[in-house]
Amino acid sequence: MVLLLKSCPVWSKDVWLLLLNALVEPGSSSLIPGLDSKVTMEAGGLPLELWRMILAYLHLPDLGRCSLVCKAWYELILSLDSTRWRQLCLGCTECRHPNWPNQPDVEPESWREAFKQHYLASKTWAKNALDLESSVCFSLFRRRRERRTLSVGPGHEFDSLGSALAMASLYDRIVLFPGVYEEQGEIILKVPVEIVGHGKLGEVALLASIDQHCSTTRLCNLVFMPAWFSPFMFKTSSGHVQFDNCNFENGHIQVHGPGTCQVKFCTFKNTHVFLHNVPLCVLENCEFVGSENNSVTVEGHPSADKNWAYKYLLGLIKSSPSVLPTEDSDSLMSLDLESRDQAWSPRTCDIVIEGSQSPTSPVSSSPKPGSKAGSQEAEAGSDGERLAQTPDSSDGGLSPSGDDEDEDQLTYRLSYQVQGPRPVLGGSFLGPPLPGASIQLPSCLVLNSLQQELQKDREALALASSVQGCLIRRCLFRDGKGGVFVCSYGRAKMEGNIFRNLTYAVRCIHNSKIVMLRNDIHRCKASGIFLRLEGGGLIAGNNIYHNAEAGVDIRKKSNPLILCNQIHHGLRSGIVVLGNGKGIIRNNQIFSNKEAGIYILYHGNPVVSGNHIFKGRAAGIAVNENGKGLITENVIRENQWGGVDIRRGGVPVLRSNLICFGYSDGVVVGDEGKGLIEGNTIYASGLYVQSSEALHVITNVIHANGDRGITVAQSSQLTRVANNSISCNRQSGVKVEAQCKVELRGNGIYDNRGHGIITKGDSTIVIENDIIGNRGSGLQLLPRSDTKVIKNRIHSFRAYGIAVRGRTKALVQENIFFQGKTNKTIFQQISNNRECIMQNNKFLVFKKKSDTWRLVNPPARPHLENSLRGPSAAHSGQKVTALATRITARVEGSGPDSAQLRDEAFEMEAVSEETPGPSHHTPEKQAPRLPGD
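The structure presented is a predicted model; accordingly, all values stated were derived computationally and were not measured. (Residues numbered from 1 in each chain as written. Predicted model: local features only at pLDDT ≥ 70, side-chain atom pairs only at ≥ 80, totals over all residues. Heavy atoms only, no water.)

### Overview of the overall build of the protein chain
Alright, step 1. Within the protein chain one finds 13 helices and 78 strands.
Alright, step 2. Burial status across the protein chain gives 58% buried among its 933 residues.
Alright, step 3. In the protein chain, of all internal contacts separated by at least 6 residues, the share reaching a separation of at least 24 is 53%.
Alright, step 4. Working note: accessible area of the protein chain is about 37,600 Å², and carbon and sulfur atoms make up 50% of it. (Helix = DSSP H or I, 4+ residues; strand = E, 2+ residues; numbered from the N terminus. Buried < 20%, exposed > 50% of the residue type's maximum accessible area, 1.4 Å probe, protein only. Contact = heavy atoms within 4.5 Å. Areas by Shrake-Rupley, 256 points an atom, 1.4 Å probe, with all protein chains shown as cover.)

Given below as structure tokens:
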């Protein structure tokens, strides 16, 4: 009671007795000296607000005693967090705001806990954990209990720090009163002491060079500046040093292993911290400003020899709150998501040959019969490619209907099931995007949170949880040259820091390892994070943006794990991998960068998987200058140039990606580009090939693109296009330009608004494809082309199955032709073209209105079981000979073309064809500029 009464002199003793007696429970034991009863918070007692007002006057020891009265009092003391505990925390001259310097305007979760952590930290520097002899131990603890306070300053016991240290004993406290203290010689710390500045930070300045030779030291509330004879303000090679609430200006601090340090709430102005072979050092809540070099250098492998403070620091780190996320809060972009149930699945479609619309297509998507707004087509260019002039149906999976036909005409259907590849990413886009429509991605494409990824990857979780070398957390690096430099097998972990307006944030070289979690890196004049010479580690959950060079630069055999970061609005590329750099780049959001989201060149060979790469002002991923890489299961969308751009010796494996909504082509393979393009979904952006190297395009879904599905503009080596689903594109499904060598095998080419295939190529092989329901001809063979059309099933919506323009060389053999519109023939050719050979083909025409043809035996292509078959037996240099034969297409039916088909015959002659030499064709389409071009 006496303690309580002395705590608040504003209140009279009578008032205190009245207030306490109001809550006294007679007969209870007392937990506070002077009280006869236990004080409880009863319903009939004073209001809690009044008790909070009273207790706000108590000092720290009295608050502790009151919390021991009972549970109600304990909870009452805890409820003072935003009032009394906040006052105590901010009123302490030895600490700053708990969230300084990054978020000084954000309240901590608990002021009481923040104050407690600081209070305990101020005591633990002296907890020497060495195993000492009992006598020495007794002497040590006796000296601690008898700590002296030595005062330094004008009018005090000592006039200089050196003179006070000469008289100091173990664990004494030396207080420097306001003033400037300049030491003329190096100070050697031989005994553990605590040096504290009195008053506000900045009132005590110490110009000295201190060399610590003792086991532990604490320095607090001081401004350090270098002495005239040395740039080193403080150094130690074996002991533990703790800096609290200090400023360091224009000098160096050096710690050698097995020495350790703990630095909290300090400011470093143009000051360099050297950490050499340190087993463990902790830098928390510090500010690094205006460095002319690196702010922190971590060099050398952590020493196996550890001092007494190593276990203490390790325990302190493990017990403190982590910056690792506990819930899914990583996404910057909010996406309109469909249900997970809308994953890719086969679809059954009806090709409407005659009539107003498909039974399953939306009514609003098709104009009324006879409407002038119906689908009108125009010849485009000399190759006769047909373009639709009206927007596609909202259900692009359905063949366009003959909306301009009379309702009285007969209606026939060809029913087929598109057995398209099942992309790993999932997601079924049922039609082309409508103008102004919001972009919707299936919910199965939502990125995992960092916590989810770490739970899946135990190795990454172990790396994220490990602490070795130097731990830097909740610090601010700004307005200088470099942030953290880790070299020569060094180890560093950075959590929750801000790096801004630097030349670079972090450099990791020469077999060093870094762990970077939840840092903010922006406005660097070069790359944000730079790794070379076999640097590695984990870079996860960071926000990297507005940097002048790459967000992350990986080169010279470096091999980091880059996980769940947001890398955006860079003035060049998001991530660059070059010079034999490697790395795993997974589950990141990479967007709105001025150059490629990920740029791989000069034998860079990363694994790029599960990322969202979008809204870049250049390519989503660029593979250039002999770059490699496995690029799989990414969502690459809305980029200004190609979703993926491959050229100049780039040879990636591009597998199971969703590439969509680009403002240019989905995939561009430029000069000397090669590799494997397999199992991707390319939606609303197309594939463009312009390469002199061999290329494999296998089992892709190429759907609803604004131009052609696939354009082969240059291909002097063989481009193999196999087992793809090519559908609903605004122009032709496939176009092969002159002097190109292309094999089309096992593809399903459906519902395109132009021709199914257009070819000018000098060696085009079209074998075992389903070319069905296209608005133009199934195949259009242009002058001077050389084409083999073998074992295909061909149907055109309203034009010819095969149309021959000018003199061409063609072998048309063992195909099945389905009749299109009744006023069109199945095959059209120039009458005097004797180099077009037809043999053993089957022609099917309508017999009656109820006829329905189905693609069976085999079912509709593509067939995934055949996706890995070997190259075609008909090589580009092989001579093909066909015997002359005469085929009569006997037709039964009542359509207008029946009589013509009944009597039509085609003359065939044996021909021998040679494949021309390599092409020197100049590409028509200029390659987009890439970084370094």
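### Some thoughts on the environment of Lys 788
Alright, step 1. For Lys 788, the position within the fold is in strand β68 (residues 786–790).
Alright, step 2. Sequence spacing of Lys 788 and Glu 743 is 45 residues, and the spatial spacing of their C-alpha atoms is 9.5 Å.

### Side note on the pattern of salt bridges
Pairing is possible between side chains of opposite charge, provided their charged atoms come close.
Alright, step 1. Here the structure, examined in full by the defined rule, presents 30 salt bridges.
Alright, step 2. The partner of Arg 572 in a salt bridge is Glu 549, with the nearest N and O atoms 3.4 Å apart. Separated by 23 residues along the polypeptide, Arg 572 in the loop between β39 (566–568) and β40 (575–578) and Glu 549 in the loop between β36 (543–545) and β37 (552–555) bring together distant segments of the chain.
Alright, step 3. The class for Glu 549 is partly exposed, based on a relative accessible area of 30%. (Salt bridge = Lys/Arg side-chain N within 4 Å of Asp/Glu carboxyl O.)

### Here's the deal with unusual backbone geometry
A negative phi angle is the norm for most residues apart from glycine, just as the trans form is the norm for most peptide bonds.
Alright, step 1. Following Gly 257, the chain continues to Pro 258 via a peptide bond in cis, the omega torsion being 10°.
Alright, step 2. Structurally, Pro 258 is set in the loop between β15 (252–256) and β16 (260–264).
Alright, step 3. The phi angle at Asn 580 is positive, at roughly 65°, despite the residue not being glycine.
Alright, step 4. The residue Asn 580 is located in the loop between β40 and β41 (584–586) in this model.
Alright, step 5. For Glu 625, which is not glycine, the phi dihedral falls at a positive 45°.

### Observations concerning the side chain of Thr 764
Alright, step 1. Mapped onto the elements, Thr 764 comes out in strand β65 (residues 763–767).
Alright, step 2. Here Thr 759 takes part through its side chain, which lies 2.9 Å from a polar atom of the side chain of Thr 764.
Alright, step 3. Not counting residues within four places of it along the chain, the set of residues in contact with Thr 764 comprises Val 736, Cys 740, Val 742, Thr 759, Asp 786, Thr 787 and Lys 788. (Polar contact = N/O pair within 3.5 Å; in protein donor to acceptor, adjacent residues only side chain to side chain.)

### Focus on the packing of helix α3 (residues 48–55) against helix α5 (residues 71–78)
Alright, step 1. Taken N-terminus to C-terminus, the directions of α3 and α5 make an angle of 70°; their axes are 10 Å apart at the nearest point. One way to sum up the angle between α3 and α5 is to call them roughly perpendicular. Where α3 crosses over α5, the two elements pack in a sense that is right-handed. Two secondary-structure elements touch here, α3 through Leu 48, Trp 51, Arg 52 and Leu 55 and α5 through Trp 73, Leu 76 and Ile 77. (Axes fitted to C-alpha atoms, helices over the stretch in contact; angles between N-to-C directions. Parallel < 35°, antiparallel > 145°, perpendicular 65-115°, else oblique. Left-handed = near helix turned anticlockwise from the far one by under 90°.)

### Examining the side chain of Arg 218
Alright, step 1. Residue position: Arg 218 is located in strand β10 (residues 216–220).
Alright, step 2. By relative accessible area, which is 0% here, Arg 218 ends up buried.
Alright, step 3. Side-chain polar atoms of Arg 218 contact the side chain of Glu 194, separated by 2.3 Å.
Alright, step 4. In this structure the side chain of Arg 218 is engaged in a polar contact, spanning 2.9 Å, whose partner is the side chain of Asp 244.
Alright, step 5. With residues up to four places along the chain from it excluded, the contact list for Arg 218 reads Glu 94, His 118, Ser 122, Trp 125, Val 193, Glu 194, Ile 195, Val 196, Gln 242 and Asp 244.

### Things to note about the pairing of strand β32 (residues 513–517)
Alright, step 1. Judged by how many residues are buried, β32 sits mostly within the fold: four of five residues are covered.
Alright, step 2. With five bridges joining them, strand β30 (residues 491–495) and β32 adopt parallel strand pairing. Pairing of Arg 491 across the sheet is with Lys 513, part of β32.
Alright, step 3. Bridge count for β32 against strand β35 (residues 536–540) is five bridges, and the pairing is parallel. Across the sheet, residue Val 515 finds its bridge partner in β35, namely Leu 538. (Pairing = 2+ DSSP bridges.)

### Side note on the packing of aromatic side chains
Alright, step 1. For the coordinates displayed, the defined rule picks out 15 aromatic pairs.
Alright, step 2. With centroids separated by 6.5 Å and ring planes inclined at 45°, the aromatic side chains of Phe 232 and Phe 274 adopt a geometry described as tilted. Taken together, the positions of Phe 232 in strand β12 (residues 232–236) and Phe 274 in strand β18 (residues 272–276) put the pair 42 residues apart, joining distant regions of the chain.
Alright, step 3. Aromatic side chains Phe 268 and Phe 288 sit 4.6 Å apart centroid to centroid with 5° between the ring planes, which places their arrangement in the stacked category. Remark: Phe 288 occurs in strand β20 (residues 287–289) and Phe 268 occurs in strand β17 (residues 267–269); sequence separation between them is 20 residues. For the residue pair Phe 268 and Phe 288, the accessibility class agrees, reading buried in each case.
Alright, step 4. Site record: aromatic cluster; members linked through ring pairs are Phe 224, Phe 234, Phe 243, Phe 248, Phe 268, Phe 288, Phe 477 and Phe 499.
Alright, step 5. Positioned above the aromatic ring of Trp 100 is the side chain of Arg 96, whose terminal nitrogen or guanidinium carbon lies 4.1 Å from the ring centre.
Alright, step 6. Looking at Lys 235, its charged tip hangs above the ring of Phe 232, at a distance of 5.6 Å from the centre. (Phe/Tyr/Trp six-rings, centres within 6.5 Å; stacked < 30°, edge-to-face > 60°. Lys NZ or Arg CZ within 6 Å of the ring centre and 35° of its normal.)

Remember that the coordinates give geometry; whether it matters functionally is a separate question.
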